[in-house]
Amino acid sequence: MSLNTMASIIEGRRSQPHQLIEVLQDVQEQQGYISEDSMRVISKDLGVPPMEVFRVASFYKAFSLKPRGKNVITVCMGTACHVRGAKLIINQAVGQLKVQPGEVTEDGLFTIDQVNCLGACALGPVVTENGKCHNHMNSSKLRKLIKSLKNTGTEETAND
Amino acid sequence: MLQYINLKIDGVNIRAAKGTTVLDAAFEYGICIPNLCHVPNLSNIGACRICIVEQIVNGRSKVTTSCTLLVQEGMIIKSNTDKIRNLRRNIAELLVAQAPNSKAIQDIAVRCGVKKVRYPFRNEKCVLCGRCVRACTELFRAKAIGFVGRGKNRHIDSPFGVLSEFCKRCGACIDLCPMTITPCSGPMKPGKERLCGECESQLYLSDKTPDHCVWCELGKGFQCGRY
Ligand code: SF4
Ligand code: FES
Ligand code: FES
């Protein structure tokens, strides 16, 4: 499947080096991360040296070079959230999911991520889950959030 | 046809071809501006900040890196004022703290008048000067190595961490790297880093006679001729 999606992403943008970032964005969106293989394909098809693709992909935080869980839990570590105990929240998340930030849980469901301010400081500590914002986080709210995400995850796989 | 531009560096009237950098123009006239990341005939990225100079614009001074500053008509540049020397000393100090195991950097620090290092030694293997990357990209057109990551994770790597098929094994990256020559007394062990300063006696002369240039003599340690 991944090769098909790659082909459809690159379709119509062959040999257009300036499309590099757009292509990377699409790959990130569709596959959740940018694998070495897809970077090699991109490099070949767009005519950009592999080093350039790797450099750009590793530079932007929006691109992840490692596989990510289905749910990305992003904890804000910005100043305001830090003051309001973001450290505790991230420790909680790490403890509950048993993964380090940036890694994927064994069941492939979760990744914990950190950012430095989401621009909603008054609502801190802020956690976003797949782009959805949760304000004034505390450990029980976090536990509920993770639980509900786990449940939807298993339901979906049951339906599949 | 070449167009020429007149400017003043340290009070010297200088005529330089349009498009040259202030650093190159100064070299041509024997004015030494310390530099690290500059490599002749390669692009300049202003990574090391050692080559800073003061540019006087409308009576106000502006500090910029001379390697990225192109000559302009009527420009007034000062490369050796107290302000610049202070700033430069601090930059050199930071560089030694970052990479004490480079003779090139130790030499530059001595030349810039660093007497002690007030920052914790990091003992990194790279100062991100980008000389290797530019040689690989511009001179050999290989793009076998490059910058990866950003911020404090920025480092030099080959694509995907494996030796690139485009690498011609020319070794230019190693030749140009300031980290490949260790201080005379050998590499420093972690925890034992210090400011080398063993060439300082040579600087005695420059203290006594301020116009006496020691750059070239000390520069041999970095094998400037090797570029
Ligand atoms: S590897 Fe050497 S030449 Fe390349 S950026 Fe680092 S210090 Fe500079
Ligand atoms: S510090 Fe967390 S949203 Fe700004
Ligand atoms: S030589 Fe100009 S910044 Fe390094």
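This one's a predicted model, so the numbers in the text were calculated from it and none came from an experiment. (Residues numbered from 1 in each chain as written. Chains lettered and ligands numbered in written order. Predicted model: local features only at pLDDT ≥ 70, side-chain atom pairs only at ≥ 80, totals over all residues. Heavy atoms only, no water.)

**Let's talk about the overall build of chain B**
The line we're drawing: Secondary structure elements follow DSSP: runs of H or I no shorter than four residues count as helices, runs of E no shorter than two count as strands, and numbering proceeds from the N terminus. We call a residue buried when its accessible area falls under 20% of the maximum for its residue type, exposed when it is over 50%, and partly exposed in between, using a 1.4 Å probe and counting protein chains only. Residues count as neighbours in contact if any of their non-hydrogen atoms are within 4.5 Å of one another. All accessible-area figures derive from a Shrake-Rupley calculation using a 1.4 Å probe, and residue coverage is judged against the displayed protein chains alone.
Scanning chain B from N- to C-terminus turns up seven helices and seven strands. Scanning chain B from its N terminus toward the C terminus, one meets helices and strands in the order β-β-α-β-β-β-α-α-α-β-β-α-α-α. Per-residue burial for chain B yields a buried fraction of 45% across its 227 residues. In chain B, once contacts between residues fewer than 6 apart in sequence are set aside, the share between residues at least 24 apart is 58%. Counting every atom, chain B has about 12,300 Å² of accessible surface; 52% of that belongs to carbon and sulfur.

**What to know about the sheet that holds strand E3 (residues 127-129) of chain A**
By way of backbone hydrogen bonds, the strands of a sheet pair with one another, either parallel or antiparallel. All names here are of chain A. Note the cut-off: A strand pair is defined by DSSP finding two or more bridges across the two strands. Here an angle of 0 to 180 degrees is reported between the N-to-C directions of two axes, which are lines fitted to C-alpha atoms, with helices fitted over the stretch in contact.
Reading across the sheet, the four strands line up as E2-E1-E3-E4 and stay open at both edges, with mixed pairing between neighbours. Strand pairing shows two members of the sheet lacking a second neighbour, strand E2 (110-115) and strand E4 (132-134), which therefore form its edges. Each adjacent strand pair in this sheet contributes to an overall mean axis angle of 25°, direction not counted. Inspection of the sheet shows E3 paired to E4 by three bridges, in the antiparallel sense. Within the sheet, the bridge partner assigned to Val127 lies in E4 and is His134. Those strands touched by helix H6 (residues 86-97) are strand E1 (71-76), E2 and E3, and its axis lies near 165° from that of E2.

**A word on the interface of chain A and chain B**
Under the convention used in this document: Buried area is calculated as the accessible area (1.4 Å probe) missing from two parts once they are joined, with the contributions of both summed. Salt bridges are identified by distance alone: a Lys or Arg side-chain nitrogen within 4 Å of an Asp or Glu carboxyl oxygen. Under the rule applied, a polar contact is a pair of N or O atoms within 3.5 Å (in protein, one hydrogen donor and one hydrogen acceptor; residues adjacent in sequence only if both atoms are side-chain atoms).
Taken residue by residue, the interface counts 13 residues in chain A and 15 residues in chain B. Here chain A packs against chain B, burying approximately 1,200 Å² in sum over the two surfaces, 72% of which is carbon and sulfur. Per-residue buried area on chain A facing chain B is highest for Met51, Phe54 and Phe59 of chain A; these three make up 46% of the total on that side. Linking chain A to chain B there are one salt bridge. With its nearest N and O atoms 4.0 Å apart, the salt bridge here joins Lys143 of chain B to Glu52 of chain A. Remark: the boundary between chain A and chain B carries two residue pairs in polar contact (both at pLDDT 80 or more). Elements with a minimum of two residues in the side of chain A that touches chain B: helix H3 (36-46) and helix H4 (50-59) of chain A. The greatest single-element share of the side of chain A that touches chain B, amounting to seven residues, is contributed by H4 of chain A.

**Let's talk about the domain arrangement of chain A**
Just so we agree on the cut-off: Where each domain begins and ends follows an automated or database-derived domain assignment.
Annotation of chain A at the domain level lists domain 1 (3-59) and domain 2 (71-159). A separation of 29 Å is found between the C-alpha centroids of domain 1 of chain A and domain 2 of chain A.

**Side note on the pairing of strand E3 (residues 52-57) of chain B**
All names here are of chain B. Sheet analysis places E3 next to strand E4 (residues 60-65), joined by six bridges and oriented antiparallel. Residue pairing for E4: Ile56 is matched across the bridge by Ser61. Hairpin geometry of E3 and E4 is characterised by an intervening segment of two residues between the two adjacent antiparallel strands and by a positive phi of about 50° at Asn58. Pairing between E3 and strand E5 (residues 76-78): two bridges, direction antiparallel.

**A short note on the site of ligand 1**
The following threshold applies: One heavy atom within 4 Å of a molecule or strand is enough for the residue carrying it to be called near that molecule or strand. When residues are grouped by polarity, Ala, Val, Leu, Ile, Met, Phe, Trp, Tyr, Cys and Pro land in nonpolar, Asp, Glu, Lys and Arg in charged, and all others, Gly among them, in polar.
What surrounds ligand 1 is the set Cys126, Val127, Leu128, Cys129, Gly130, Arg131, Cys132, Ile156, Cys177, Pro178 and Met179 of chain B. Of the residues assigned to the shell around ligand 1, the class counts are nine nonpolar, one polar and one charged.

**A few points about the environment of Phe59 of chain A**
Structurally, the position occupied by Phe59 of chain A is in helix H4. Separated by 49 residues in the primary sequence, Phe59 of chain A and Gly108 of chain A place their C-alpha atoms 25 Å from one another. Excluding anything up to four places from it in sequence, Phe59 of chain A contacts Gly149 and Arg150 of chain B.

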